[in-house]
Amino acid sequence: MIQATGLTHFYGPNPAIEDVNFGVKRGEVLGFLGPNGAGKTTTMRILTGFMPPTRGKVTLDGYDVVEQSLDVRRRVGYLPETVPLYTDMTVTSYLKYMGTLRGMPSRNIKRRVEDVIDVCHLEDYRSSLIAKLSKGFRQRVGIAQAILHEPDVLVLDEPTIGIDPIQVVETRSLIKDLGKQQTVVLSSHILPEVSMICERVLIIHEGHIVAEDTPGNLAERLQGSDQLEVEIGGPPDEVLSELREIEGVSSVRHRSLANREVYTIRLLQGADVRDDISRAVIARGWSLLSMQSVGMTLEDIFLRLTTDEEN
Amino acid sequence: MRTVQAVAWKEIQIYFSSPTAYIVGLIFLAMTGVFFARDVVQTQGNPFPEASLSGFFQGASIILILMAPALTMRLVAEEQKLGTIELLLTSPVRDWEVVVGKYLASLTFLLVTVAATVYYVILLVVFADPDPGPMWAGYLGLVLYGATALSIGMLTSTLTSNQIVAAVVALGILLVLYFTDYAAGTLTGLPAAIVQEIGIKSHFDDFDRGVIDTKHVVYYVIVTAFFLFLTVRALESRRWR
């Protein structure tokens, strides 16, 4: 459905993205994951034909985004990061206007406006001025306009940014539903969000794609090097050497926190050593005060992936 | 064509529901009314006042220079500020359709405002016996003149996301074009002729005298088309910046 090859875009002398390649199959939900400034928005803007890439080529359903821009734009629904709304229009008149711009026949517009108002739960706000709507509702109006013309491809840039947690949950399930019928490309900097909604994830960092996999595989790969945080009552030097002896432990760091001795244990891929640790501690007559797994934050993942790349 | 209509219709609705446009329109009517009345009614120093719209046309040519930038400044600049331009340019709409639609909306508002001055004509016809020729020619000239001023405002509104900057730059360009007559006076020969021909006002005065010269009509049409063309290019250039 979407095929991007060698995408590069420069803002002035600095590349926002460099040599980005990816493909999206029809009906797939693809997530771009990356910190702010990684090049997500740039990629989305190129996909939607808002700006052309400095180098490289994107085709959507066989149409070139630059050469056959109008054909592409007819097939894409787009929700930019800053939800673009005419604040002095009402919800209905805004949606009708967007429908006309998308070249929909008038009869369809009426029907579809009702449909999307229904889908996005905007029934009570039909004739409200957009200026008066809360951020969450504006977001819904933004999504409503993106799906209005039943596009083949839906491009959503940070669709859940800046809205309250309940609305985030609703928006995510809405996108998930949409993904059943349409090809969806979305961007986010929230890992759980992407792993919840997307079938495939591209991790983008400093304009390069550093990883590409299903959320499941990605999580497995990343969890393979899990960390444990253990608090042990005992002489630190001996504890350290004892812990390092245990099979499956890759490294141990020790910190003293106000009479508490905390050890951060990095594990080898797939190893589960909790049992061994507790046995060893008890066998030596020390006390095991606490033990917990420390999940990796998105930051850790980026650090890992980018340093792995460089090595 | 349908998208041009949709864009124009949306902007027209905004014009007629926003106070700014009404204030601008009211100022135009109030000021031109003063010019009209002064020319027709005042007898002091003018023992034989003429039943003509010349006072109105001369006054309107100045007021339009202030009015046109106020009408156009919002059109594209605001879309850039709000980010709605991103949606507009990713809709299956050609850039020229956006420009023409918005331009037609501003032209419509101008036409409505100018049409509201028809009561000057009615007053003259009821109370005097005006010569219809200069009146028709004057109105034609005024609309062409206003259309050109709006096209210049369109361009500056596209070049910035700041409405004030858009208005001030358009006003500057229009003032320069308005006062070329004076500048031409300091020159001689070919340069004087060129500067004279560039001016937006020097082409207007024949209309006011009741002369419809093709040369002037062509001038306004070409200048308007030129600025609208530049506007389309400016809008396209945003994709590359």
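Here, every reference points to the structure presented above.
Residues numbered from 1 in each chain as written. Chains lettered and ligands numbered in written order. Predicted model: local features only at pLDDT ≥ 70, side-chain atom pairs only at ≥ 80, totals over all residues. Heavy atoms only, no water.

(A) Summary view of the overall build of chain A. Of regular secondary structure, chain A possesses 11 helices and 14 strands. On C-alpha atoms alone, chain A measures out to a radius of gyration of 25 Å, which is more than a quarter above the 19 Å that the 2.2 N^0.38 rule sets for 311 residues. Taken along its principal axes, the extent of the C-alpha atoms in chain A is 80 × 45 × 35 Å. By residue count, 51% of the 311 residues in chain A fall in the buried class. Intrachain contacts of chain A at a sequence separation of at least 6 include 67% that bridge at least 24 residues. Counting only carbon and sulfur atoms, one obtains 48% of the accessible surface of chain A, whose full area is about 14500 Å². Distance between charge centres in chain A, computed from 34 positive and 44 negative side chains, equals 8 Å. (Helix = DSSP H or I, 4+ residues; strand = E, 2+ residues; numbered from the N terminus. Rg over C-alpha atoms; globule rule 2.2 N^0.38 Å. Buried < 20%, exposed > 50% of the residue type's maximum accessible area, 1.4 Å probe, protein only. Contact = heavy atoms within 4.5 Å. Areas by Shrake-Rupley, 256 points an atom, 1.4 Å probe, with all protein chains shown as cover. Lys, Arg positive; Asp, Glu negative; His and termini not counted. Charge placed at Lys NZ, Arg CZ, Asp CG, Glu CD.)

(B) Inspection of the packing of aromatic side chains at higher detail. All names here are of chain B. With the rule as written, the count across this model stands at 20 aromatic pairs over all chains. On the numbers, 4.5 Å between centres and 20 degrees between planes, the contact of F36 with Y120 is stacked. Of this pair, F36 sits in helix α2 (residues 19-41) while Y120 sits in helix α6 (residues 118-127), and the two are 84 residues apart along the sequence. Like Y120, F36 is buried. Judged by centre distance (5.1 Å) and plane angle (40 degrees), the ring pair of F56 and F57 falls under tilted. Relative accessible area serves as the criterion here: at 0%, F56 is assigned to the buried category. Judged by relative accessible area, F57 falls into the buried class, the value being 1%. (Phe/Tyr/Trp six-rings, centres within 6.5 Å; stacked < 30°, edge-to-face > 60°.)

(C) Structural context of the interface of chain A and chain B. Counting residues at the interface gives 28 residues for chain A and 22 residues for chain B. In this assembly, chain A packs against chain B so that about 2500 Å² is buried in total across both faces, 63% of it on carbon and sulfur atoms. When the area that chain A buries against chain B is broken down by residue, the three leading residues are F50, R73 and L101 of chain A, summing to 27%. Taken together, chain A and chain B are joined by 1 salt bridge. With its nearest N and O atoms 3.0 Å apart, the salt bridge here joins E86 of chain B to R45 of chain A. (Buried area = accessible area lost by both parts, 1.4 Å probe. Salt bridge = Lys/Arg side-chain N within 4 Å of Asp/Glu carboxyl O.)

(D) Molecular detail of the packing of helix α3 (residues 54-82) of chain B against helix α8 (residues 163-178) of chain B. Residue and element names in this part refer to chain B. Orientation of α3 relative to α8, taken along the N-to-C sense of each, is 145 degrees, at an axis distance of 8 Å. For the pair α3 and α8, the crossing hand works out as right-handed. For the pair α3 and α8, contact is made by S61, I62, I65, L66, P69, M73, R74, A77 and E78 and by Q163, A166, A167, A170, L171, L174, L175 and Y178, respectively. (Axes fitted to C-alpha atoms, helices over the stretch in contact; angles between N-to-C directions. Left-handed = near helix turned anticlockwise from the far one by under 90°.)

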